[in-house]
Amino acid sequence: MTQSAGLLPAACPGWPASRPPPAPLPPSSGLLLPASSSPPAILRPAPARLRLLPPPRSLRQLMAGPCSARLQGDVAAFTAALRTLVNNPQFSDVMFVVGQEQQKVFAHRCVLACRCQAFRGMLSQAPVGSQDSSSITPQGPFILGNVQPEVFLAVIEFLYTNSVTLNSHIALEVLTSSVEYGLQDLCKLCVKFIKDTLSVEQVCEALQAAVTYGQVDLQQHCLDFIEGCTAAVVRTQGFRELSDVVLARVLRSDRLAVDELDLVQAVREWAHVSSAVLERPVPEVAALPVRELRLPLLAPSELVTLESYNQQDLLIPVENIAAAWRAHALRRDSGVPSRLCRPRQGTRPRDHHRHLEPHTK
């Protein structure tokens, strides 16, 4: 190997004659060439190929446009903070005087108005002499004499925290208030609590409320409960306070766990209570429920006793008792409606039941 002192034009084939020769390599360049090799050709770099890499994800997001997200903080802490404002006079701008106790309840117009349309309408009324309904001048007091303070505070708690503290003493009244104020979510919470805590003493009151406010699911739940413990339910005060429409609905059930004779006595007691409360005659208040009593299920001796009691209060129309005697005499051809000849789940067997045709019309 010998060190080249430089490359001459003659040693570079194809070099243009009009172009100046390249400068010779300095001796210190360290390029060693084999002694027998010919001078190398001029090397030109190949055209570069451009390779476009995708931009980083963050850059792609920026190129695509702005993005947004709603992030949820600690809900429990937020709820706890709002609960401290319930009935808190500090910063409140509206006051209610509630119940016969005339208890003062403090609240905030903005919370009540944004959470409840009924309160919004109430609070949008401008003070006397003012033309500005948006005035934030403290208003009130508003007098609410027909609601218990505990019930009203439960409603206020729900409006502030979207939760409610219930017990068996106020649940039905809170349900009533939720319907009156148009608070569907509160109504659902009340229904769930009532279903979960239903008792013999309260089931009839719950059924009455469910029918009154159109809560179909609660109605069926109460009917199922009554069917399972009818004998105990008919002895409660709630049973005696049912409306005639609701009582008639209960008496249509085939699954009542009570004998018909006991049921007749329960209806008689109910009728006397209703007669006293409504100041109307017993036959008048009992007309609708009595139609659902299945008198053909009673034995002949029981019908005789029934007629004796009936002479005192005329609870049962004479034609109903006559139809029961006809069912005994003619059996399948009596013409008595089949529903009145069908034993209930709690009906005690009698000898004549085998002659009753369930499908008699």
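Everything here concerns the structure above.
Bear in mind the structure is a predicted one, so any value in this text is a computation, not a measurement. (Residues numbered from 1 in each chain as written. Predicted model: local features only at pLDDT ≥ 70, side-chain atom pairs only at ≥ 80, totals over all residues. Heavy atoms only, no water.)

Colleague: What's the story with the packing of helix α5 (residues 149-161) against helix α6 (residues 171-180) in this structure? I'm lost.
Modeller: Two quantities define a packed helix pair, namely the angle between the helix axes and the distance between the axes. Contact geometry of α5 with α6 gives a least axis separation of 9 Å together with a crossing angle of 55°. Judged by the angle between their axes, α5 and α6 are oblique. Once α5 is placed against α6, the crossing between them reads as right-handed. Contacts from V151, A154 and V155 of α5 reach α6 at E173, V174 and S177. Classifying every residue of the contact of α5 with α6 by side-chain character gives four nonpolar, one polar and one charged. (Axes fitted to C-alpha atoms, helices over the stretch in contact; angles between N-to-C directions. Helix = DSSP H or I, 4+ residues; strand = E, 2+ residues; numbered from the N terminus. Parallel < 35°, antiparallel > 145°, perpendicular 65-115°, else oblique. Left-handed = near helix turned anticlockwise from the far one by under 90°. Contact = heavy atoms within 4.5 Å. Nonpolar A, V, L, I, M, F, W, Y, C, P; charged D, E, K, R; others polar.)

Colleague: Looking at this structure, how should I read the pairing of strand β3 (residues 94-98)?
Modeller: Walk down a regular strand and you will see the side chains alternate between the two sheet faces. β3 sits mainly inside the fold: five of its five residues count as buried. The side-chain alternation of β3 yields two buried faces, one formed by V94, F96 and V98 and the other by M95 and V97. As defined by bridge partners, β3 adjoins strand β4 (residues 103-107) across five bridges and the pair is classed as antiparallel. The partner of M95 across the bridge, within β4, is F106. (Buried < 20%, exposed > 50% of the residue type's maximum accessible area, 1.4 Å probe, protein only. Pairing = 2+ DSSP bridges.)

Colleague: How should the pattern of salt bridges be read in this particular structure?
Modeller: Charged atoms that come close allow side chains of opposite charge to pair. Applying the stated criterion to the full structure yields 17 salt bridges. Linking D254 and R342 is a salt bridge whose minimum nitrogen-to-oxygen distance equals 3.0 Å. On the criterion of sequence distance, the pair formed by D254 in the loop between α12 (244-251) and α13 (260-278) and R342 in the segment after α17 (318-330) is long-range, its members being 88 residues apart. Relative accessible area serves as the criterion here: at 29%, D254 is assigned to the partly exposed category. The partly exposed category is assigned to R342, whose relative accessible area is 29%. Two residues, R339 and E292, come together in a salt bridge whose shortest N-O distance is 3.0 Å. With R339 in the segment after α17 and E292 in the loop between α15 (287-290) and α16 (300-313), this residue pair connects regions lying 47 residues apart in the sequence. Connected through salt bridges with shared partners, the residues D259, D262, E302, R348 and R350 form a single ionic network. (Salt bridge = Lys/Arg side-chain N within 4 Å of Asp/Glu carboxyl O.)

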